[in-house]
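Listed below are the residues making up each chain.
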Amino acid sequence: MRTLEVALGDRSYPIYIGAGLLRRGEWLTRHLDTGQVMIVTNATIAPLYLEALKAQLVGYQVGTVVLPDGEEYKTMDSAMLIWDALLDHRFSRQAHVVALGGGVIGDLAGFAAACYQRGVPFVQIPTTLLAQVDSSVGGKTAVNHRRGKNMIGAFHQPRCVIADTDTLATLADREFRAGLAEVVKYGLIRDAEFFAWLEQRMEALLRRDPESLAFAIERCCRNKAEVVAADERESGERAMLNLGHTFGHAIEAGLGYGTILHGEAVAIGICQAADLSRRLGWLDQHEMNRIVSLFRRAGLPVVPPPLPTERYLDCMALDKKNTEEQIRFILLERIGRARLPSAVGMDLLRATLDEFGRTPAL
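Residues numbered from 1 in each chain as written. Predicted model: local features only at pLDDT ≥ 70, side-chain atom pairs only at ≥ 80, totals over all residues. Heavy atoms only, no water.

Looking at an unreviewed UniProt entry, the chain carries the name 3-dehydroquinate synthase, with the source organism given as Candidatus Methylocalor cossyra. The chain has a UniProt comment under Subcellular location (unreviewed entry) that states "Cytoplasm". Per its UniProt entry, the chain bears the Function (unreviewed entry) comment "Catalyzes the conversion of 3-deoxy-D-arabino-heptulosonate 7-phosphate (DAHP) to dehydroquinate (DHQ)." (UniProt positions renumbered as here; feature names shortened; annotations may be inferred.)

Following this line, the structure appears as structure tokens:
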């Protein structure tokens, strides 16, 4: 097992990464202060892992909420179901919420925990690659609004993150590949050595080679832990974690939540951000080709969907990085170095939206 720490003073917490952790209850119970535990999961994960987790909580007062699976259910209505369950069980403000699932469940459960009685503790047990390498770490919690992704939320750090790599064995191939988009992101924004490693080991990751997976998950978590420790509330450096997300969130909202997986939208969005960086004279064509090639090898889409430019711009106008008058983007100076929120000329942005992905070379 590998252990990392997110260093946030008296709110610091560990990330545990390893095989079989879901069935080793001590890693969870050491972070529970009381006997009240509400497990939040979904209809896909519950049949696989819910009973195994509950078996580690003998002697605790345990409630469960099983939600439908999908981004389209990351709503205030779903959060209300969690609050209803907490109240039905008469759980106090010392209760603990445990998120068992992917990024949607982690965001939902964390948001519900942040709001219930003005904040109760919660634990992340991520079961998808995307959640293990990215969304479970850092304390961002939210629900979607029909006009924009993650527009209603709170910063609420977990007590711990327990990433059981065995859960990836039951992850559908499409979901697994979607998680690789966030893995590649870390190489692009601040870790060129890791990006080169991914170029060498992508096929091993696709085979779900345990050693390669463990290394990649730890490397991503280490990168994110360092960024979050330096900038918890995204006032500066942490914004780089949103590489590709301005484009990607617009794709998700524009197509309708659940139409495309978050990681798939991020992969396309990173390629669009790279194209915009190239148009600004930062990335050269060789680096652009490396980025697109790696996403293709991961089995991820790189060509944007047929979404009208004006629809993109309308969705982007609600992005959280924007100033009052300008859409801002995380872009790339080179592989391994991101540039923090940048406003770009509308002519270059429109060129990327109108032209990227429509040339035979791509």
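Trainee: Looking at this structure, I do not really get the overall build of the chain. What am I missing?
Mentor: In terms of helices and strands, the chain carries 13 helices and 11 strands. The proportion of buried residues among the 362 residues of the chain is 59%. Summarising the internal contacts of the chain: among those between residues at least 6 apart in sequence, 75% fall at separations of at least 24. In the chain, which carries 41 positive and 44 negative side-chain charges, the distance between the mean positions of the two groups comes to 1 Å. (Helix = DSSP H or I, 4+ residues; strand = E, 2+ residues; numbered from the N terminus. Buried < 20%, exposed > 50% of the residue type's maximum accessible area, 1.4 Å probe, protein only. Contact = heavy atoms within 4.5 Å. Lys, Arg positive; Asp, Glu negative; His and termini not counted. Charge placed at Lys NZ, Arg CZ, Asp CG, Glu CD.)

Trainee: Honestly, the side chain of R208 in this entry has me stumped. Any pointers?
Mentor: By the element assignment, R208 lies in the loop between helix 7 (192-206) and helix 8 (210-230). On the accessibility criterion, R208 (17% relative accessible area) is buried. Each residue touching R208, except ones within four places of it in the same chain, is listed here: L168, A169, L171, A172, D173, F176 and L213.

Trainee: Explain the environment of R201 to me, please; I cannot follow it from the model alone.
Mentor: Counting through the fold element by element, R201 comes out in helix 7. In the structure, R201 is positioned 11 residues away from S212 in sequence and 7.4 Å away in space, judged by C-alpha atoms. In this structure R201 touches D209 and S212, once residues within four positions along its chain are discounted. Among the polar contacts listed, one links the side chain of R201 to the side chain of S212, at a separation of 2.7 Å. (Polar contact = N/O pair within 3.5 Å; in protein donor to acceptor, adjacent residues only side chain to side chain.)

Trainee: Where do I start with the pattern of salt bridges in this structure?
Mentor: As a working rule, side chains carrying opposite charge can pair if their charged atoms are close by. Scanning all chains against the criterion turns up 30 salt bridges. We note a salt bridge from E264 to R174, for which the minimum N-O separation is 2.7 Å. With a gap of 90 residues between them, E264 in helix 10 (residues 262-279) and R174 in helix 6 (residues 173-190) connect regions that are remote in the sequence. (Salt bridge = Lys/Arg side-chain N within 4 Å of Asp/Glu carboxyl O.)

Trainee: Before we go on, may I ask you to explain the nonpolar core in this structure?
Mentor: As a rule of thumb, nonpolar side chains are buried together in soluble globular proteins. Of all hydrophobic cores here, the largest spans 78 residues; its most connected members are L129, L180, V183, L188, I291, F295 and F329. Considering each element in turn, this core owes the most residues, nine residues, to helix 10. Once residues within four sequence positions are removed from consideration, I291 is found in contact with L188, F195, I270, A274, L283, L332 and I335. (Core = buried A, V, L, I, M, F, W, Y, C linked by side-chain atoms within 4.5 Å.)

Trainee: For this particular structure, what's the right way to read helix 7?
Mentor: Every α-helical turn comprises 3.6 residues, leaving residues that sit three or four positions apart pointing alike. The terminal C-alpha atoms of helix 7 lie 20 Å apart, and with 15 residues this matches the ideal 21 Å at 1.5 Å per residue to within 8%. Q200 marks where helix 7 bends most, by close to 60°. Buried within helix 7 are the following residues: F194, F195, L198, M202, A204 and L205. Summarising the contacts, the buried residues of helix 7 are in contact with helix 6, helix 8 and helix 11 (285-297). The positive-phi residue at the C-terminal boundary of helix 7 is R208, with phi of around 60°. (Expected span 1.5 Å × (residues − 1). Bend = angle between axes of the 7 residues up to and from the residue.)

Trainee: Is there a simple way to explain the packing of helix 7 against helix 11 in this structure?
Mentor: Angle between the axes and distance between the axes are the two parameters that describe a pair of packed helices. Contact pair helix 7 / helix 11: the axes reach a minimum separation of 10 Å and the direction vectors enclose 15°. By the criterion of interaxial angle, the relationship of helix 7 to helix 11 is roughly parallel. Seen from above, helix 7 lies across helix 11 with left-handed handedness. Together, F195, L198, E199, M202, E203 and L206 of helix 7 and R290, I291, L294 and R297 of helix 11 make up the contact between the two elements. (Axes fitted to C-alpha atoms, helices over the stretch in contact; angles between N-to-C directions. Parallel < 35°, antiparallel > 145°, perpendicular 65-115°, else oblique. Left-handed = near helix turned anticlockwise from the far one by under 90°.)

Trainee: Would you take a moment to explain the packing of helix 9 (residues 245-255) against helix 10 for this structure?
Mentor: Viewed as axis vectors pointing N to C, helix 9 and helix 10 meet at an angle of 135°, and their least axial separation amounts to 7 Å. With respect to each other, helix 9 and helix 10 are oriented oblique. Relative to helix 10, helix 9 is oriented so that their crossing is right-handed. Side by side, helix 9 and helix 10 meet where H245, F247, G248, H249, I251 and E252 of the first sit next to H262, A265, V266, I268, G269, Q272, A273 and L276 of the second. Along the lines of polarity and charge, the residues of the contact of helix 9 with helix 10 split into seven nonpolar, six polar and one charged. (Nonpolar A, V, L, I, M, F, W, Y, C, P; charged D, E, K, R; others polar.)

Trainee: Can you walk me through the packing of aromatic side chains in this structure?
Mentor: Where two aromatic rings form a pair, the distance of their centres and the angle of their planes describe that pair. Under the defined criterion, the tally for this structure stands at six aromatic pairs. Considering the side-chain rings of Y16 and W27, the 5.0 Å spacing of their centres and the 50° angle between planes classify their relative orientation as tilted. One end of the pair, Y16, is in strand 2 (residues 13-18); the other, W27, is in helix 1 (residues 26-29), with 11 residues separating them in the sequence. Across this residue pair, the class does not change: Y16 and W27 are buried. Aromatic rings pair up to connect F194, W197 and F215 into one cluster. The ring of F176 carries R208 above its face, with NZ or CZ at 4.4 Å from the centroid. Positioned above the aromatic ring of W282 is the side chain of R339, whose terminal nitrogen or guanidinium carbon lies 3.9 Å from the ring centre. (Phe/Tyr/Trp six-rings, centres within 6.5 Å; stacked < 30°, edge-to-face > 60°. Lys NZ or Arg CZ within 6 Å of the ring centre and 35° of its normal.)

Trainee: Is there a simple way to explain the environment of R339 in this structure?
Mentor: In this fold, R339 is placed in strand 11 (residues 337-343). For the pair R339 and E237, spaced 102 residues apart in the sequence, the C-alpha separation amounts to 9.3 Å. Those residues in contact with R339 that lie beyond four places of it in its chain are W282, F329, I330, L331 and E333. In terms of polar contacts, R339 uses its side chain to reach the side chain of E333, at 3.0 Å.

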